[in-house]
Each structure stands twice: as structure tokens, then as C-alpha cells.
Amino acid sequence: MSKTFETLQPYLDKAMAFQTARNLFEWDDQTVAPFEAADYTSKVVGIISDEYMKCLINDDVRKLIKKLSEEKEQDELTDKEKAIIKELNKTYEQLESIPPEEYRAFNELALVSNRAWTKAKKDNNYEYFAPYLKKIIEYKKKFAGYRAKKNQDPYEVLLGDFEECFGIKELDVFFDKIKSEIVPLLKQISKKSDTIDKSYNFLKYDVNKQKAFCKYLSGYLGFDFNRGVIAESAHPFTLDLHNHDVRITNNYKENNLESAMFSIIHETGHALYEMNIDDSLTQTPVGSGTSMGMHESQSRLFENIIGRSEAFWAPIYSKLVETYPENLKNISLEHFLKGINKAEPSLIRTEADELSYPLHVIIRYEIEKAIFAGDADVDKLPELWNKKYQEYLGLTPTNDAEGILQDIHWSYGEFGYFPSYAIGSAISSQLYAKIKEVMPVDEYLKEGNITPIREFLRDSIHKYGATKNTNQILKDITGEEFNADYYVEYLKEKYESLYSL
Ligand code: ZN
């Protein structure tokens, strides 16, 4: 380790401690904290965030990063240290532009706004949430404005925070391709929706049995319960403190068998990424997944491509039938597979099938783009939302709880995040094409052997943390950068065959 880097290390350690504490509060807030905790707890979180900023943004650290960015110093650094300096320069660019008091005020607002969203969604009352959303947007616009390069769209700045390899130009191309191929395909399929019976999915499924089966599924995929826990929250998510403490949540619905099962497979995909980050990287600025798009590729690979395949269910379907014989004893594996792959337009993104899913993302992307371009009135967002659902999915929400209020993200200012879900699906198809080339993946799955797939992902993606970006990882594995053709081909092939088109 270089002398200069050694001087920087204690600042990084302290910043990491505050970040870990902040994450722990976030976890607590989403899982077990009582409703009225927010008013006071948000102040505590504000102070912790403030201290985090102070550890990273100060004259000493500024000087050290500047020095460590010089060529002479760079020669002395290991690859890991170089990646950390690159990441810190990015963080500096992000954080230093924001006055600390505004940053703190925003963090406090985000917590309160999130509570307001929870209440608004429960009461189906968008008007209650709208004033908070307006304030959140104002802050995000202001923060993005501080960082935008000349003539740069503020939304482009926000997109870059989640996926540096994709801007508005790349996303417009990607989404236009999806719209032109998938909207017509989905229309064809909706005419044949009666051909697949899925009524078994909506019978009564005991929630405690669901919990046990989901825990089994997570362990089956390789979730390490000595380094992770599963809790409950309104909206499933994954949060890591470090690679020895990775937490996921799930949400169980008594009248929907699939919902919790595929959520847990999804979140386990995220968790495996974080658990497999190399020990030398965890608790450093490059110690998490490299981007939201790459993260989603891992969750979606397990949730959709693997988790909805015949090879995956062949060895374990009987266990599911044994758990709910009253509902499933007459449902064959073939019937079940058709059910879990059934595609039909729907209103809720998190419940959407694999085919219509990207259209939900495109709607959010287009609305976010309009908000940040100043083309959308926040009070009228529900109307815009409903219009787009009618256009792409042929459905109109009957209320805002199943419309614009359904997702948590905007309530705490996460704009620019949604596209990563669709990017992730597309990456997972590109990765899977390669996995099929290098191993007999169906044979492994039929034997109940997930290990070779997990090890492939660990060795080619997970262990690197954020030391390589999305396109570098894809290029090293597949020989090419992001290519959405694999995704479109995968979806068309799968659904044309399923519906005999
Ligand atoms: Zn996810």
C-alpha cells in the first residue's frame, strides 16, 4: 500500500462505518420500526448522513485524492486502490457539489416522504403524497443541476448514478426496440390468454407455509443463512452491510402463490452477488455490485430465465405439491410451467410477467424523462400514467394505489433507477447465452445442482465488486458489450413457442 493511500485509509474506514449505520437504520425503517418513529429517527439519520459527508468531503481527503489521482502516485497503487480512487472521484463529483445542509435536509425529507407515500398508497390518495413528491423532485433537480455538465439533461446525471454505461441516447434506442417488438407480440398473446389456466395460483396458500418454502428456495439457490437474513417488508428488497451481512425481505400474499416465491428467487439473486464480493473489497468504496443494471441481471437471471424453466422445477416441484396438496395435487409440472410463464397485460409492475415487464419500465422512464425535462405537471401525473398504461398495455388503473402510487422509488427520490430493471433483464439474456455455451446448464439444473452456475457468476462477475463496469464485465465474459438482441430473441422465441404463434 502506498504511503499516501495509507493516510487516506482511516477516513475511508470511518465513512464506511457511518454508511453502514445509515443502512442499518434504513433496514430497520423498512422492516420493524413503528410508524411514528420517522419524525425523530429521521433526525438521527440526518446527523449520521452529515457525519458520513464530513468524513469524505474535507480538505485532507480532497488533497489526498487529488494527489493519488496523479500519474506518479497511480503507479504505486494496486488495481483495487486505483478503482477506489476512481470511485472516490465519482463520489466527490456527486457529493461535493451539494451543500451539506441541503444534503441533510433532503435525507430527512426522504424518510418523511416515504412515510407519506406509505399512507397515501394505503388510503389510495395521491393528493396526500403529491406535495412531498414535488419537494423531492425539486431537490433532485437542484442536485442534478449542480453536477450537470454544460447542456447536460439533469435526468442524464441521475441515470448515470445507477448505470454509467447507459444514458438517454442508449436507453431510447434500447426501449424503442422493445416497444416495436414486444407491444405487438403482447397484443397477439392477450387474444390467447384463455389458453393457459392459472386459477390454481390464486387459491388460498397458508402464509407460514409460504415462508418456509421461500426460505427453502433461497437456500436451494445458495443463500448463506450464516451471512444473511430474510425479513418482511411492504416491498421486497436487498440490503447489504458487507459480504458477511446481506439482508433480504419478502412480502407474502395469502391468495397468490407465485408472488413471494419469485420475489425470494429475485432477491436471492441480488444477495448472492453481494455475498460473493471478494473479502478484500467488501467495506470499501468498490465493495458492492458494480451497477444497478448488473445487479438486476443477477436477480432476473435467477427469477426468470432459470426460475421459470422446466429444468429448474423438475427436481423440486414435487416438494411444492407436498406443501399444498389441497391446491396442487392435480396440477402437473407442465401445467404449472405454463402458469408461471403466462403473459398478459397487467397493472402492477412487481407482479408483471416477464414479457410485459419491460413495458412497465418504459412507462416510468418516459414519465421521469418528462418530469426532469419540465414537461410534466406533478399534480397531473396520474393522468399521464393512466394514458400510457392504456397505450402500451391496453389497461387503465381504476385507482392510484394500483397506478402511480404502486412503487416506493420516487418517494425517496430514486429517479433514474427503473431503467436498470430492463437493462438487467437484457443483460441476463446475454449472459445466459454464454452460460449455455460453456456448461450443460439444463443437466445441472435437473440434478438440482446450482453450484456451477453460481461459481461461474461469482468468478466472472460477483467477486470483482465495482472494480469493473457493466460493459467491461460483459466484454470479458461474452466478447461484446451490451447487446439487446439476445433479450428480444429470447423473449420472442420463448413466447412464440409457449403460445404456438
Ligand atoms: Zn431487483
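Residues numbered from 1 in each chain as written. Predicted model: local features only at pLDDT ≥ 70, side-chain atom pairs only at ≥ 80, totals over all residues. Heavy atoms only, no water.

Some thoughts on the coordination of the zinc ion
Phase 1: Listed as protein donors to the zinc ion are His266 (NE2), His270 (NE2) and Glu296 (OE); their distances from the metal cover 2.0 to 2.1 Å.
Phase 2: For the zinc ion, the donor residues sit on a single chain with the sequence spacing H-x3-H-x25-E. Within this pair, whereas His266 is found in helix α11 (residues 257–275), its partner Glu296 is found in helix α12 (residues 292–306), the two being separated by 30 residues in sequence. With respect to class, His266 is no different from Glu296; both count as buried. (Donors = N, O, S within 2.8 Å, 3.2 Å for Na, K, Ca; no water. Helix = DSSP H or I, 4+ residues; strand = E, 2+ residues; numbered from the N terminus. Buried < 20%, exposed > 50% of the residue type's maximum accessible area, 1.4 Å probe, protein only.)

Details of the domain arrangement of the protein chain
Phase 1: Domain annotation for the protein chain reports domain 1 (3–124) and domain 2 (168–498).
Phase 2: Computed from C-alpha atoms alone, the centre-to-centre distance between domain 1 and domain 2 is 28 Å.
Phase 3: Across the contact, 22 residues belong to domain 1 and 28 residues belong to domain 2.
Phase 4: Between domain 1 and domain 2, the buried area comes to about 2300 Å², and carbon and sulfur atoms account for 69% of it.
Phase 5: Considering only the side of domain 1, the residues that lose the most area to domain 2 are Met16, Trp27 and Trp117, jointly responsible for 30% of the buried surface there. (Domains from an automatic or database assignment. Contact = heavy atoms within 4.5 Å. Buried area = accessible area lost by both parts, 1.4 Å probe.)

Quick notes on the sheet that holds strand β3 (residues 245–250)
Phase 1: Strands sit in the order β1-β3-β2 across an open sheet of three strands; the sheet is mixed. In the strand order of this sheet, the two ends are held by β1 (228–232) and β2 (238–242), each with one partner. Neighbour-to-neighbour, the strand axes of this sheet turn through a mean angle of 20°, independent of strand direction.
Phase 2: As defined by bridge partners, β2 adjoins β3 across four bridges and the pair is classed as antiparallel. By the bridge assignment, Asp240 is partnered in β3 with Val246.
Phase 3: Contacting β1, β2 and β3, helix α1 (residues 3–31) crosses the sheet at an angle of about 150° to β2. (Pairing = 2+ DSSP bridges. Axes fitted to C-alpha atoms, helices over the stretch in contact; angles between N-to-C directions.)

A short note on helix α19 (residues 419–438)
Note on helix geometry: an α-helix contains 3.6 residues per turn, so any two residues three or four positions apart are oriented the same way.
Phase 1: In a regular helix each residue adds 1.5 Å, so 20 residues correspond to 28 Å; α19 covers 29 Å between its end C-alpha atoms and thus fits that length.
Phase 2: Along α19, 15 of the 20 residues are buried, which leaves the element largely enclosed by surrounding structure. (Expected span 1.5 Å × (residues − 1).)

A closer look at the packing of aromatic side chains
Phase 1: The full count for this structure, using the stated rule, is 31 aromatic pairs.
Phase 2: Considering the side-chain rings of Phe174 and Phe175, the 5.1 Å spacing of their centres and the 25° angle between planes classify their relative orientation as stacked. Of the two residues, Phe174 and Phe175, neither departs from the other in class, the shared state being buried.
Phase 3: Residues Tyr417 and Tyr421 carry aromatic rings whose centres are separated by 5.3 Å and whose planes lie at 65° to one another, so their mutual orientation is edge-to-face.
Phase 4: Assessed through its relative accessible area of 11%, Tyr417 is described here as buried.
Phase 5: Above the ring of Tyr52, the side-chain terminus of Arg22 is found at 4.9 Å from the ring centroid.
Phase 6: Above the face of the Phe225 ring, Lys215 is positioned so that its terminal group lies 5.1 Å from the ring centre. (Phe/Tyr/Trp six-rings, centres within 6.5 Å; stacked < 30°, edge-to-face > 60°. Lys NZ or Arg CZ within 6 Å of the ring centre and 35° of its normal.)

Section: the environment of Gly374
Phase 1: Structurally, Gly374 is set in the loop between α17 (357–372) and α18 (381–393).
Phase 2: Judged by its relative accessible area of 53%, Gly374 falls in the exposed class.
Phase 3: Residues Gly374 and Ser69, 305 residues apart in the sequence, show an inter-C-alpha distance of 37 Å.

What about helix α21 (residues 451–460)?
Phase 1: When we look at burial in α21, the residues that qualify are Pro452, Ile453, Arg454, Phe456, Leu457 and Ser460.
Phase 2: Buried residues along α21 sit against α10 (207–221), α11, α12, α19, α20 (441–446) and α22 (470–478).

Focus: the pattern of salt bridges
Pairing is possible between side chains that carry opposite charge, provided their charged atoms lie close to one another.
Phase 1: Going through the model one piece at a time under the given rule, you end up with 30 salt bridges.
Phase 2: Across the salt bridge formed by Glu73 and Lys67, the nearest N and O atoms sit 3.7 Å from each other.
Phase 3: Under the relative-accessibility criterion, Glu73 is labelled buried at 9%.
Phase 4: For Glu164, the salt bridge identified is with Lys90, shortest N-O distance 3.2 Å. Here Glu164 is found in the loop between α8 (154–162) and α9 (168–191), whereas its partner Lys90 is found in helix α5 (residues 79–95), with 74 residues between them in sequence.
Phase 5: For Glu164, a relative accessible area of 39% puts it in the partly exposed group.
Phase 6: A single salt-bridge network, built from bridges that share partners, covers Glu87, Lys90 and Glu164. (Salt bridge = Lys/Arg side-chain N within 4 Å of Asp/Glu carboxyl O.)

Brief notes about the layout of surface pockets
Phase 1: Approximately 800 Å³ is the volume attributed to the second largest pocket.
Phase 2: Lining of the second largest pocket is provided by 23 residues; of these, Ile305, Ser309, Tyr490, Glu493 and Lys494 occupy positions nearest its centre.
Phase 3: The element best represented in the lining of the second largest pocket is helix α23 (residues 485–498), accounting for seven residues.
Phase 4: Within the lining of the second largest pocket, the residues separate by chemical class into eight nonpolar, five polar and 10 charged. (1 Å grid on protein atoms, 1.4 Å probe; cavity = no way out; pocket = protein on both sides within 12 Å on 5 of 7 lines; lining within 4 Å. Points joined across faces, edges and corners; volume = space filled by probe spheres on them. Nonpolar A, V, L, I, M, F, W, Y, C, P; charged D, E, K, R; others polar.)

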